[in-house]
Amino acid sequence: MNLTSELKKRIKKDLDPDTLLPEELPIYVSSFVYMFGSLTLACFVTLIITGIIMVYEGPIWYQYSQIGFFFRSMHFWAAQVFFFFMTVHFLTNFFIAGWRKGRIITWISGSLLFGISMFEAFMGYLMGGGFFAQWNQVQAKDAMNAIGATFFFNILDNGQVYGLHVVILPLVLILLLVIHLYFIRSKNVVPPIGYDG
Amino acid sequence: MMDNRNVDTKSLDSRSLDSQNIGLKESDLVKEASVSFIAIIVLVILLSIFLKSPNTPPLSVRGYAKNHPIGFVTTTLHDLMGTSAIATYGPPFNNNGTAQNIGPISPGGIEGVTLPINTKNDFVIIPLQMESSINPNISLILNEYNNATKRQQNIWEQNTLKALPNARYEDGLVIFPNGNYGPVVQMLNELLKLGQSGLFSRALTRENVDNNGVYTYNEQNRLLFLQGAPLQAKAASLNMLGGEWGILKETGPYPGPWWLVFYTSLYQTPFYANSPAADLMAFATFSLLIAIITFLPLIPGLRRIPYIIPVYKIIWRRFYNEQKRSKN
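All of these numbers come straight from a predicted model, not from anything done at the bench.

What follows is about the overall build of chain B. If you tally the helices and strands in chain B, you get 18 helices and four strands. On C-alpha atoms alone, chain B measures out to a radius of gyration of 31 Å, which is more than a quarter above the 20 Å that the 2.2 N^0.38 rule sets for 328 residues. Projected onto its principal axes, the C-alpha positions of chain B cover 100 × 50 × 40 Å. When the 328 residues of chain B are sorted by exposure, 28% land in the buried category. Expressed as a percentage of contacts within chain B between residues at least 6 apart in sequence, the contacts between residues at least 24 apart total 48%.

So, on to the overall build of chain A. Each helix and strand counted, chain A has eight helices and one strand in total. In chain A, the succession of helices and strands from N to C terminus is α-α-β-α-α-α-α-α-α. Considered along the principal axes of its C-alpha atoms, chain A spans approximately 55 × 45 × 35 Å. Classification of the 197 residues of chain A by burial places 45% in the buried group. Considering only residue pairs separated by 6 or more positions, chain A has 71% of its internal contacts joining residues 24 or more positions apart.

With 84 residues of chain B in contact, the opposing surface of chain A contributes 79 residues. Considering each element in turn, the side of chain B that touches chain A owes the most residues, twelve residues, to helix H2 (residues 29-51) of chain B. The residue inventory of the side of chain B that touches chain A, partitioned by class, reads 48 nonpolar, 24 polar and twelve charged. As paired elements, strand E1 (residues 24-26) of chain A and strand E2 (residues 24-26) of chain B share three bridges and run antiparallel to each other. Note that in E2 of chain B the partner of Pro26 of chain A across the bridge is Leu24 of chain B.

Here we come to the packing of helix H4 (residues 69-81) of chain B against helix H6 (residues 119-132) of chain B. Residue and element names in this part refer to chain B. Running from N to C, H4 and H6 cross one another at 130°; their axes reach a closest spacing of 7 Å. By the angle class used here, H4 and H6 are oblique. For the pair H4 and H6, the crossing hand works out as left-handed. Residues Thr76, Asp79 and Leu80 of H4 lie in contact with H6, whose contacting residues are Thr119, Lys120, Phe123 and Val124. A class-by-class count of the residues in the contact of H4 with H6 yields three nonpolar, two polar and two charged.

Attention now moves to the environment of Val161 of chain A. Residue and element names in this part refer to chain A. If you trace the backbone, Val161 turns up in helix H8 (residues 158-187). Among the residues examined, Val161 registers 23 C-beta atoms within 10 Å and is labelled buried. It is 9.5 Å that separates the C-alpha atoms of Val161 and Glu120, two residues lying 41 residues apart in sequence. Among residues more than four places away in sequence, those in contact with Val161 are Met123, Leu126, Met127 and Ile155.

The next subject is helix H7 (residues 137-147) of chain B. Residues spaced three or four apart along an α-helix point in a common direction, a consequence of the helix completing one turn every 3.6 residues. Residues and elements named next belong to chain B. Among the residues making up H7, those that are buried are Ile138, Leu142 and Tyr145. The arc enclosing the buried residues of H7, seen along the axis, measures out at 60°, which places them on a common side. In H7, the exposed positions angled more than 90 degrees off the buried face are occupied by Asn137, Leu140, Asn143 and Asn147. The secondary structure elements touched by the buried residues of H7 are H6, helix H8 (150-163) and helix H9 (184-197).

The pLDDT averaged across chain A works out to 92; a share of 99% of its residues lies at or above 70. Across chain A, the secondary-structure element scoring lowest on mean pLDDT is helix H2 (residues 17-20) of chain A, at 80, and the one scoring highest is helix H5 (residues 66-95) of chain A, at 97.

On average, residues of chain B carry a pLDDT of 89, and 91% of them reach 70 or more. The model gives residues 1-16 of chain B a pLDDT under 50, and that stretch makes 40 contacts with residues more than four places away or in other chains.

Parameters and conventions
- Residues numbered from 1 in each chain as written.
- Chains lettered and ligands numbered in written order.
- Predicted model: local features only at pLDDT ≥ 70, side-chain atom pairs only at ≥ 80, totals over all residues.
- Helix = DSSP H or I, 4+ residues; strand = E, 2+ residues; numbered from the N terminus.
- Rg over C-alpha atoms; globule rule 2.2 N^0.38 Å.
- Buried ≥ 20, exposed ≤ 12 C-beta atoms within 10 Å, placed from the backbone.
- Contact = placed C-beta atoms within 7 Å.
- Nonpolar A, V, L, I, M, F, W, Y, C, P; charged D, E, K, R; others polar.
- Pairing = 2+ DSSP bridges.
- Axes fitted to C-alpha atoms, helices over the stretch in contact; angles between N-to-C directions.
- Parallel < 35°, antiparallel > 145°, perpendicular 65-115°, else oblique.
- Left-handed = near helix turned anticlockwise from the far one by under 90°.
- Arc of directions from axis to C-beta.
- pLDDT = per-residue confidence, 0-100.

Here it is, written out as C-alpha coordinates:
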(Lines give C-alpha, C1' and ligand atoms only; values in the text may rest on other atoms or scores of the structure.)
Protein backbone atom coordinates (compact mmCIF):
# COMPACT_ATOMS: atom_id res chain seq x y z
CA MET A 1 0.00 0.00 0.00
CA ASN A 2 1.34 3.40 -0.95
CA LEU A 3 0.57 5.66 2.02
CA THR A 4 1.15 8.85 0.01
CA SER A 5 -1.41 7.76 -2.58
CA GLU A 6 -3.85 6.83 0.18
CA LEU A 7 -3.41 10.24 1.82
CA LYS A 8 -3.92 12.03 -1.52
CA LYS A 9 -7.08 10.04 -2.16
CA ARG A 10 -8.34 10.84 1.31
CA ILE A 11 -7.62 14.56 0.95
CA LYS A 12 -9.32 14.66 -2.47
CA LYS A 13 -12.36 12.90 -1.07
CA ASP A 14 -12.65 14.69 2.29
CA LEU A 15 -11.50 18.18 1.37
CA ASP A 16 -13.51 18.43 -1.81
CA PRO A 17 -14.98 21.99 -2.07
CA ASP A 18 -18.36 20.48 -2.92
CA THR A 19 -18.31 18.71 0.41
CA LEU A 20 -16.95 21.57 2.47
CA LEU A 21 -18.93 24.39 0.85
CA PRO A 22 -22.11 22.99 -0.68
CA GLU A 23 -24.41 25.38 -2.49
CA GLU A 24 -27.45 23.29 -1.71
CA LEU A 25 -28.67 21.91 1.59
CA PRO A 26 -31.57 19.63 2.53
CA ILE A 27 -34.87 21.45 2.84
CA TYR A 28 -35.15 20.73 6.56
CA VAL A 29 -32.22 23.08 7.17
CA SER A 30 -34.66 25.96 7.34
CA SER A 31 -35.29 26.19 11.07
CA PHE A 32 -33.84 29.15 12.98
CA VAL A 33 -31.94 26.73 15.21
CA TYR A 34 -29.34 26.29 12.46
CA MET A 35 -28.27 29.90 12.95
CA PHE A 36 -26.88 29.36 16.44
CA GLY A 37 -23.82 27.43 15.31
CA SER A 38 -22.74 30.12 12.86
CA LEU A 39 -23.49 32.86 15.41
CA THR A 40 -21.32 31.04 17.96
CA LEU A 41 -18.55 30.83 15.37
CA ALA A 42 -18.94 34.55 14.61
CA CYS A 43 -18.52 35.32 18.32
CA PHE A 44 -15.42 33.14 18.45
CA VAL A 45 -13.87 35.04 15.52
CA THR A 46 -14.74 38.33 17.28
CA LEU A 47 -13.06 37.08 20.47
CA ILE A 48 -9.93 36.08 18.56
CA ILE A 49 -9.69 39.46 16.76
CA THR A 50 -10.31 41.60 19.86
CA GLY A 51 -8.06 39.30 21.90
CA ILE A 52 -5.13 39.65 19.48
CA ILE A 53 -5.44 43.44 19.55
CA MET A 54 -5.53 43.42 23.37
CA VAL A 55 -2.53 41.11 23.62
CA TYR A 56 -0.55 43.26 21.21
CA GLU A 57 -1.28 46.52 23.06
CA GLY A 58 -1.03 45.05 26.58
CA PRO A 59 -2.95 45.30 29.87
CA ILE A 60 -2.16 48.94 30.65
CA TRP A 61 -3.65 49.95 27.28
CA TYR A 62 -6.88 48.01 27.68
CA GLN A 63 -7.33 48.92 31.35
CA TYR A 64 -6.60 52.64 31.23
CA SER A 65 -6.92 54.09 27.70
CA GLN A 66 -10.37 54.89 26.36
CA ILE A 67 -9.94 52.97 23.11
CA GLY A 68 -8.28 50.07 24.94
CA PHE A 69 -11.13 49.89 27.44
CA PHE A 70 -13.57 49.84 24.53
CA PHE A 71 -11.82 46.76 23.09
CA ARG A 72 -11.84 45.20 26.55
CA SER A 73 -15.60 45.79 26.67
CA MET A 74 -16.01 44.24 23.20
CA HIS A 75 -14.06 41.19 24.34
CA PHE A 76 -16.20 40.94 27.49
CA TRP A 77 -19.52 41.14 25.67
CA ALA A 78 -18.38 38.88 22.83
CA ALA A 79 -17.66 36.22 25.49
CA GLN A 80 -21.12 36.67 27.00
CA VAL A 81 -22.85 36.43 23.60
CA PHE A 82 -20.57 33.50 22.65
CA PHE A 83 -21.76 31.49 25.63
CA PHE A 84 -25.37 32.42 25.06
CA PHE A 85 -25.34 31.14 21.48
CA MET A 86 -23.16 28.15 22.29
CA THR A 87 -25.54 27.09 25.08
CA VAL A 88 -28.56 27.39 22.78
CA HIS A 89 -26.63 25.58 20.01
CA PHE A 90 -25.75 22.79 22.44
CA LEU A 91 -29.31 22.45 23.75
CA THR A 92 -30.91 22.37 20.31
CA ASN A 93 -28.42 19.77 19.13
CA PHE A 94 -29.20 17.72 22.19
CA PHE A 95 -32.93 17.84 21.51
CA ILE A 96 -32.50 16.91 17.85
CA ALA A 97 -30.13 14.09 18.89
CA GLY A 98 -27.47 15.62 16.67
CA TRP A 99 -25.14 12.65 17.14
CA ARG A 100 -27.22 10.30 14.98
CA LYS A 101 -26.03 8.65 11.78
CA GLY A 102 -22.30 8.67 12.41
CA ARG A 103 -22.07 12.14 13.90
CA ILE A 104 -20.66 11.12 17.28
CA ILE A 105 -17.32 12.85 16.68
CA THR A 106 -19.18 16.06 15.80
CA TRP A 107 -20.98 15.80 19.15
CA ILE A 108 -17.87 14.88 21.15
CA SER A 109 -15.78 17.69 19.63
CA GLY A 110 -18.62 20.15 20.29
CA SER A 111 -18.95 19.04 23.91
CA LEU A 112 -15.20 19.37 24.44
CA LEU A 113 -15.36 22.83 22.87
CA PHE A 114 -18.09 23.74 25.36
CA GLY A 115 -16.19 22.39 28.38
CA ILE A 116 -12.79 23.83 27.48
CA SER A 117 -14.38 27.18 26.58
CA MET A 118 -15.73 27.39 30.13
CA PHE A 119 -12.23 27.07 31.55
CA GLU A 120 -10.79 29.40 28.91
CA ALA A 121 -13.39 32.06 29.68
CA PHE A 122 -12.82 31.75 33.42
CA MET A 123 -9.09 32.34 32.85
CA GLY A 124 -10.14 35.45 30.92
CA TYR A 125 -12.24 36.62 33.84
CA LEU A 126 -9.19 36.19 36.10
CA MET A 127 -7.27 38.53 33.81
CA GLY A 128 -9.90 41.27 34.06
CA GLY A 129 -7.77 43.20 36.53
CA GLY A 130 -10.68 44.06 38.83
CA PHE A 131 -11.90 42.79 42.19
CA PHE A 132 -13.74 39.87 40.57
CA ALA A 133 -10.44 38.63 39.13
CA GLN A 134 -8.58 39.02 42.41
CA TRP A 135 -11.29 37.43 44.56
CA ASN A 136 -11.94 34.50 42.27
CA GLN A 137 -8.26 33.87 41.64
CA VAL A 138 -7.81 33.37 45.38
CA GLN A 139 -11.02 31.32 45.67
CA ALA A 140 -10.25 29.12 42.65
CA LYS A 141 -6.85 28.15 44.02
CA ASP A 142 -8.60 25.90 46.56
CA ALA A 143 -10.05 23.73 43.79
CA MET A 144 -6.75 23.69 41.90
CA ASN A 145 -4.88 22.73 45.08
CA ALA A 146 -7.44 20.05 45.96
CA ILE A 147 -7.06 18.28 42.60
CA GLY A 148 -3.28 18.49 42.77
CA ALA A 149 -2.95 20.81 39.76
CA THR A 150 -0.13 22.88 41.27
CA PHE A 151 2.32 20.29 39.99
CA PHE A 152 2.03 21.98 36.58
CA PHE A 153 -0.33 24.95 37.08
CA ASN A 154 -0.34 27.70 39.71
CA ILE A 155 -3.50 29.74 39.23
CA LEU A 156 -1.97 32.57 41.31
CA ASP A 157 0.81 32.98 38.74
CA ASN A 158 -0.52 35.48 36.21
CA GLY A 159 2.13 34.42 33.71
CA GLN A 160 0.59 30.96 33.54
CA VAL A 161 -2.99 32.25 33.52
CA TYR A 162 -2.08 34.65 30.70
CA GLY A 163 -0.31 31.93 28.69
CA LEU A 164 -3.24 29.54 29.06
CA HIS A 165 -5.80 32.17 28.10
CA VAL A 166 -4.08 33.72 25.10
CA VAL A 167 -2.05 30.84 23.64
CA ILE A 168 -2.55 27.28 24.84
CA LEU A 169 -6.33 27.06 25.27
CA PRO A 170 -7.14 29.07 22.11
CA LEU A 171 -4.92 26.71 20.10
CA VAL A 172 -6.74 23.71 21.59
CA LEU A 173 -10.09 25.33 20.84
CA ILE A 174 -9.10 26.16 17.25
CA LEU A 175 -7.97 22.56 16.68
CA LEU A 176 -11.23 21.21 18.09
CA LEU A 177 -13.20 23.75 16.06
CA VAL A 178 -11.53 22.63 12.84
CA ILE A 179 -12.41 19.01 13.68
CA HIS A 180 -15.97 20.04 14.59
CA LEU A 181 -16.51 22.02 11.38
CA TYR A 182 -14.91 19.36 9.23
CA PHE A 183 -17.25 16.68 10.56
CA ILE A 184 -20.27 18.96 10.26
CA ARG A 185 -19.52 19.51 6.59
CA SER A 186 -18.37 16.00 5.72
CA LYS A 187 -21.35 14.35 7.45
CA ASN A 188 -23.73 17.17 6.64
CA VAL A 189 -26.61 18.30 8.80
CA VAL A 190 -28.39 15.63 10.80
CA PRO A 191 -31.75 14.69 9.23
CA PRO A 192 -35.00 15.05 11.17
CA ILE A 193 -35.87 12.26 13.55
CA GLY A 194 -37.89 9.68 11.66
CA TYR A 195 -36.02 10.40 8.42
CA ASP A 196 -32.77 8.68 9.34
CA GLY A 197 -33.01 6.40 6.32
CA MET B 1 -35.75 29.40 -2.50
CA MET B 2 -36.96 25.84 -2.09
CA ASP B 3 -37.03 23.81 -5.30
CA ASN B 4 -37.42 20.26 -3.99
CA ARG B 5 -34.93 18.76 -6.47
CA ASN B 6 -33.86 15.26 -5.65
CA VAL B 7 -30.55 14.78 -3.92
CA ASP B 8 -27.62 13.69 -6.01
CA THR B 9 -24.62 15.42 -4.46
CA LYS B 10 -22.12 13.23 -2.69
CA SER B 11 -21.91 15.76 0.13
CA LEU B 12 -25.22 14.61 1.49
CA ASP B 13 -26.24 11.42 3.11
CA SER B 14 -27.73 10.87 -0.30
CA ARG B 15 -28.92 7.29 -0.14
CA SER B 16 -31.09 7.83 2.88
CA LEU B 17 -32.40 11.19 1.71
CA ASP B 18 -32.93 9.99 -1.85
CA SER B 19 -34.96 7.02 -0.73
CA GLN B 20 -37.30 9.32 1.12
CA ASN B 21 -37.46 11.96 -1.60
CA ILE B 22 -36.23 14.79 0.62
CA GLY B 23 -35.43 17.80 -1.53
CA LEU B 24 -32.70 20.39 -1.52
CA LYS B 25 -32.77 24.12 -1.24
CA GLU B 26 -30.28 26.67 -2.38
CA SER B 27 -27.80 27.74 0.28
CA ASP B 28 -25.03 30.32 0.63
CA LEU B 29 -22.85 29.41 3.60
CA VAL B 30 -20.36 32.21 2.98
CA LYS B 31 -23.12 34.81 2.97
CA GLU B 32 -24.63 33.30 6.11
CA ALA B 33 -21.27 33.39 7.90
CA SER B 34 -20.63 36.98 6.80
CA VAL B 35 -24.06 38.16 7.95
CA SER B 36 -23.60 36.37 11.29
CA PHE B 37 -20.22 38.00 11.81
CA ILE B 38 -21.47 41.50 10.97
CA ALA B 39 -24.52 41.03 13.23
CA ILE B 40 -22.32 39.94 16.14
CA ILE B 41 -19.84 42.78 15.64
CA VAL B 42 -22.67 45.33 15.60
CA LEU B 43 -24.28 43.79 18.71
CA VAL B 44 -20.99 43.70 20.61
CA ILE B 45 -20.11 47.29 19.64
CA LEU B 46 -23.53 48.54 20.80
CA LEU B 47 -23.25 46.65 24.11
CA SER B 48 -19.74 48.04 24.62
CA ILE B 49 -20.79 51.62 23.89
CA PHE B 50 -23.87 51.62 26.11
CA LEU B 51 -22.91 49.22 28.89
CA LYS B 52 -19.09 49.30 28.91
CA SER B 53 -17.54 46.52 31.09
CA PRO B 54 -16.86 45.80 34.78
CA ASN B 55 -14.23 47.99 36.34
CA THR B 56 -14.29 47.65 40.14
CA PRO B 57 -10.67 47.99 41.27
CA PRO B 58 -9.07 45.15 43.24
CA LEU B 59 -8.17 45.42 46.91
CA SER B 60 -4.61 46.69 47.08
CA VAL B 61 -2.26 46.02 49.98
CA ARG B 62 -1.66 49.76 50.21
CA GLY B 63 -5.39 50.52 50.25
CA TYR B 64 -5.98 47.93 52.95
CA ALA B 65 -3.11 49.28 55.09
CA LYS B 66 -4.43 52.84 54.76
CA ASN B 67 -8.13 52.16 55.23
CA HIS B 68 -7.94 49.25 57.68
CA PRO B 69 -4.71 49.71 59.69
CA ILE B 70 -5.92 47.56 62.60
CA GLY B 71 -6.96 44.84 60.16
CA PHE B 72 -3.58 45.05 58.45
CA VAL B 73 -1.74 44.70 61.76
CA THR B 74 -3.98 41.78 62.74
CA THR B 75 -3.20 40.03 59.45
CA THR B 76 0.54 40.49 59.82
CA LEU B 77 0.44 39.38 63.46
CA HIS B 78 -1.27 36.13 62.48
CA ASP B 79 1.27 35.64 59.70
CA LEU B 80 4.05 36.16 62.23
CA MET B 81 2.46 33.73 64.69
CA GLY B 82 1.80 31.14 62.00
CA THR B 83 -1.95 31.16 62.67
CA SER B 84 -3.21 32.83 59.47
CA ALA B 85 -5.30 31.02 56.86
CA ILE B 86 -2.28 30.38 54.64
CA ALA B 87 0.06 29.50 57.52
CA THR B 88 -2.30 26.64 58.44
CA TYR B 89 -3.39 25.77 54.88
CA GLY B 90 -1.44 22.57 54.26
CA PRO B 91 -0.36 21.35 50.81
CA PRO B 92 0.73 22.78 48.42
CA PHE B 93 1.94 25.66 50.65
CA ASN B 94 3.11 23.88 53.81
CA ASN B 95 2.52 20.85 56.01
CA ASN B 96 0.57 22.70 58.71
CA GLY B 97 -2.79 21.46 57.47
CA THR B 98 -4.26 18.56 55.51
CA ALA B 99 -5.13 18.39 51.83
CA GLN B 100 -8.73 17.68 50.85
CA ASN B 101 -9.59 14.04 50.36
CA ILE B 102 -12.44 11.77 49.32
CA GLY B 103 -11.74 8.59 51.23
CA PRO B 104 -8.21 7.52 50.35
CA ILE B 105 -8.10 9.80 47.28
CA SER B 106 -6.17 13.00 47.97
CA PRO B 107 -4.42 14.37 44.86
CA GLY B 108 -3.23 17.45 46.75
CA GLY B 109 -1.84 15.31 49.56
CA ILE B 110 0.00 13.03 47.15
CA GLU B 111 1.46 16.05 45.41
CA GLY B 112 2.72 17.53 48.68
CA VAL B 113 4.30 20.95 49.17
CA THR B 114 5.03 22.31 45.70
CA LEU B 115 4.68 26.03 46.45
CA PRO B 116 6.33 26.38 49.87
CA ILE B 117 5.31 29.38 51.94
CA ASN B 118 6.45 30.26 55.44
CA THR B 119 4.27 33.24 56.32
CA LYS B 120 6.50 34.30 59.23
CA ASN B 121 9.54 34.64 56.99
CA ASP B 122 7.96 35.37 53.62
CA PHE B 123 5.32 37.89 54.74
CA VAL B 124 6.98 39.49 57.80
CA ILE B 125 10.67 38.88 58.49
CA ILE B 126 12.06 39.14 54.94
CA PRO B 127 10.10 42.33 54.04
CA LEU B 128 11.39 43.87 57.29
CA GLN B 129 14.95 42.80 56.46
CA MET B 130 14.56 44.47 53.06
CA GLU B 131 13.25 47.62 54.74
CA SER B 132 16.18 47.58 57.16
CA SER B 133 18.56 48.37 54.29
CA ILE B 134 16.80 51.75 54.08
CA ASN B 135 16.10 52.18 57.80
CA PRO B 136 18.90 50.56 59.91
CA ASN B 137 16.82 50.98 63.12
CA ILE B 138 14.70 48.09 61.93
CA SER B 139 17.75 45.83 62.18
CA LEU B 140 17.80 46.48 65.92
CA ILE B 141 14.20 45.39 66.52
CA LEU B 142 14.59 42.44 64.15
CA ASN B 143 17.73 41.33 65.97
CA GLU B 144 15.95 41.57 69.30
CA TYR B 145 13.13 39.39 67.96
CA ASN B 146 15.39 36.88 66.18
CA ASN B 147 17.71 36.51 69.18
CA ALA B 148 14.87 35.78 71.56
CA THR B 149 13.87 32.22 72.41
CA LYS B 150 10.79 30.73 70.73
CA ARG B 151 9.05 30.82 74.10
CA GLN B 152 9.82 34.52 74.53
CA GLN B 153 8.66 35.28 70.98
CA ASN B 154 5.45 33.43 71.70
CA ILE B 155 4.83 35.41 74.90
CA TRP B 156 5.28 38.74 73.08
CA GLU B 157 3.01 37.62 70.22
CA GLN B 158 0.28 36.32 72.56
CA ASN B 159 0.38 39.54 74.60
CA THR B 160 0.05 41.58 71.40
CA LEU B 161 -2.85 39.43 70.20
CA LYS B 162 -4.67 39.83 73.53
CA ALA B 163 -4.17 43.60 73.46
CA LEU B 164 -5.33 44.03 69.85
CA PRO B 165 -9.03 44.68 70.67
CA ASN B 166 -7.89 47.70 72.76
CA ALA B 167 -5.45 49.03 70.18
CA ARG B 168 -6.22 52.26 68.31
CA TYR B 169 -4.87 53.91 65.21
CA GLU B 170 -3.35 57.33 65.69
CA ASP B 171 -0.95 59.44 63.60
CA GLY B 172 0.06 56.57 61.33
CA LEU B 173 0.70 54.11 64.16
CA VAL B 174 -1.31 51.43 65.89
CA ILE B 175 -1.06 52.28 69.59
CA PHE B 176 -1.31 49.44 72.09
CA PRO B 177 -2.01 49.75 75.82
CA ASN B 178 1.10 49.41 77.99
CA GLY B 179 2.33 45.83 78.07
CA ASN B 180 5.14 43.39 77.45
CA TYR B 181 5.22 43.15 73.65
CA GLY B 182 8.97 43.12 73.11
CA PRO B 183 9.77 44.34 69.57
CA VAL B 184 6.58 42.85 68.07
CA VAL B 185 4.46 46.02 68.09
CA GLN B 186 7.30 47.99 66.50
CA MET B 187 7.71 45.31 63.85
CA LEU B 188 4.00 45.45 63.04
CA ASN B 189 4.01 49.24 62.85
CA GLU B 190 7.05 49.20 60.54
CA LEU B 191 5.21 46.78 58.26
CA LEU B 192 2.16 49.04 58.41
CA LYS B 193 4.27 51.99 57.24
CA LEU B 194 5.69 49.83 54.47
CA GLY B 195 2.16 48.78 53.52
CA GLN B 196 0.84 52.34 53.46
CA SER B 197 3.76 53.43 51.29
CA GLY B 198 2.85 50.86 48.61
CA LEU B 199 6.24 49.14 48.85
CA PHE B 200 4.98 46.10 50.75
CA SER B 201 3.34 44.64 47.60
CA ARG B 202 6.68 44.46 45.86
CA ALA B 203 8.36 43.18 49.01
CA LEU B 204 5.91 40.25 48.83
CA THR B 205 6.53 39.49 45.14
CA ARG B 206 10.22 40.30 45.48
CA GLU B 207 13.19 39.01 43.59
CA ASN B 208 14.60 36.10 45.53
CA VAL B 209 17.24 33.45 45.40
CA ASP B 210 14.74 30.93 44.02
CA ASN B 211 14.28 32.79 40.77
CA ASN B 212 17.77 34.30 40.64
CA GLY B 213 16.26 37.76 40.52
CA VAL B 214 14.48 37.13 37.23
CA TYR B 215 11.33 39.17 37.16
CA THR B 216 8.11 37.20 36.91
CA TYR B 217 4.36 37.63 36.64
CA ASN B 218 3.77 35.59 39.76
CA GLU B 219 1.41 37.41 42.13
CA GLN B 220 1.02 34.45 44.48
CA ASN B 221 2.31 36.00 47.70
CA ARG B 222 0.56 39.32 47.20
CA LEU B 223 -2.74 37.51 46.65
CA LEU B 224 -2.20 35.13 49.55
CA PHE B 225 -1.32 37.93 51.96
CA LEU B 226 -4.80 39.36 51.34
CA GLN B 227 -6.45 35.93 51.57
CA GLY B 228 -8.76 35.62 54.52
CA ALA B 229 -10.24 38.58 56.35
CA PRO B 230 -9.12 41.40 53.95
CA LEU B 231 -10.65 39.90 50.78
CA GLN B 232 -13.52 38.25 52.65
CA ALA B 233 -14.66 41.60 54.05
CA LYS B 234 -14.72 43.27 50.63
CA ALA B 235 -16.38 40.25 48.99
CA ALA B 236 -19.02 40.23 51.75
CA SER B 237 -19.77 43.91 51.15
CA LEU B 238 -20.37 43.08 47.46
CA ASN B 239 -22.41 39.90 48.24
CA MET B 240 -19.80 37.84 46.42
CA LEU B 241 -19.08 35.17 49.03
CA GLY B 242 -19.10 31.54 47.91
CA GLY B 243 -22.38 30.81 49.68
CA GLU B 244 -23.98 33.71 47.78
CA TRP B 245 -23.24 32.30 44.30
CA GLY B 246 -20.17 34.55 44.42
CA ILE B 247 -18.37 33.10 41.42
CA LEU B 248 -21.29 33.98 39.16
CA LYS B 249 -21.45 37.61 40.27
CA GLU B 250 -19.40 40.24 38.54
CA THR B 251 -19.00 43.54 40.30
CA GLY B 252 -21.49 46.20 39.29
CA PRO B 253 -24.49 45.51 37.06
CA TYR B 254 -22.61 43.05 34.86
CA PRO B 255 -23.08 39.36 34.19
CA GLY B 256 -20.42 37.03 35.57
CA PRO B 257 -19.50 33.61 34.15
CA TRP B 258 -23.10 32.35 34.34
CA TRP B 259 -22.13 29.25 32.35
CA LEU B 260 -20.57 27.92 35.56
CA VAL B 261 -24.00 27.89 37.22
CA PHE B 262 -24.02 24.11 37.75
CA TYR B 263 -20.55 24.16 39.28
CA THR B 264 -21.46 27.04 41.63
CA SER B 265 -24.79 25.49 42.53
CA LEU B 266 -22.93 22.56 44.11
CA TYR B 267 -21.49 24.93 46.72
CA GLN B 268 -25.02 26.01 47.64
CA THR B 269 -26.05 22.51 48.71
CA PRO B 270 -25.26 21.46 52.32
CA PHE B 271 -23.79 18.13 51.15
CA TYR B 272 -20.98 19.95 49.36
CA ALA B 273 -20.84 23.22 51.31
CA ASN B 274 -20.41 21.51 54.70
CA SER B 275 -17.83 19.01 53.50
CA PRO B 276 -14.14 19.58 54.30
CA ALA B 277 -13.49 18.28 50.77
CA ALA B 278 -16.01 20.62 49.09
CA ASP B 279 -13.65 21.77 46.32
CA LEU B 280 -12.47 18.28 45.45
CA MET B 281 -16.03 16.93 45.42
CA ALA B 282 -17.38 19.83 43.36
CA PHE B 283 -14.58 19.55 40.81
CA ALA B 284 -15.02 15.78 40.54
CA THR B 285 -18.78 16.15 40.09
CA PHE B 286 -18.39 18.83 37.43
CA SER B 287 -15.78 16.79 35.56
CA LEU B 288 -18.12 13.80 35.66
CA LEU B 289 -20.92 15.93 34.19
CA ILE B 290 -18.70 17.12 31.34
CA ALA B 291 -17.68 13.50 30.67
CA ILE B 292 -21.33 12.38 30.66
CA ILE B 293 -22.26 15.17 28.23
CA THR B 294 -19.30 14.38 25.99
CA PHE B 295 -20.07 10.68 25.76
CA LEU B 296 -23.84 11.01 26.00
CA PRO B 297 -24.47 9.40 22.58
CA LEU B 298 -22.93 6.21 23.95
CA ILE B 299 -24.97 6.11 27.18
CA PRO B 300 -28.17 4.03 26.95
CA GLY B 301 -31.16 5.81 28.43
CA LEU B 302 -29.70 9.30 28.34
CA ARG B 303 -29.43 9.24 24.54
CA ARG B 304 -33.17 8.50 24.38
CA ILE B 305 -34.15 11.73 26.14
CA PRO B 306 -34.64 13.70 22.89
CA TYR B 307 -37.19 11.07 21.81
CA ILE B 308 -39.01 11.24 25.15
CA ILE B 309 -39.13 15.05 25.26
CA PRO B 310 -40.00 15.75 21.62
CA VAL B 311 -38.65 19.28 21.26
CA TYR B 312 -37.47 18.19 17.81
CA LYS B 313 -41.09 18.27 16.62
CA ILE B 314 -41.14 22.02 17.29
CA ILE B 315 -37.75 22.58 15.67
CA TRP B 316 -38.69 20.72 12.48
CA ARG B 317 -42.44 21.44 12.58
CA ARG B 318 -42.39 23.10 9.16
CA PHE B 319 -40.56 20.16 7.60
CA TYR B 320 -42.88 17.60 9.20
CA ASN B 321 -45.96 19.57 8.11
CA GLU B 322 -44.67 19.77 4.54
CA GLN B 323 -43.96 16.04 4.49
CA LYS B 324 -47.44 15.34 5.80
CA ARG B 325 -49.00 17.61 3.15
CA SER B 326 -46.99 16.05 0.32
CA LYS B 327 -48.04 12.54 1.44
CA ASN B 328 -51.68 13.57 1.49
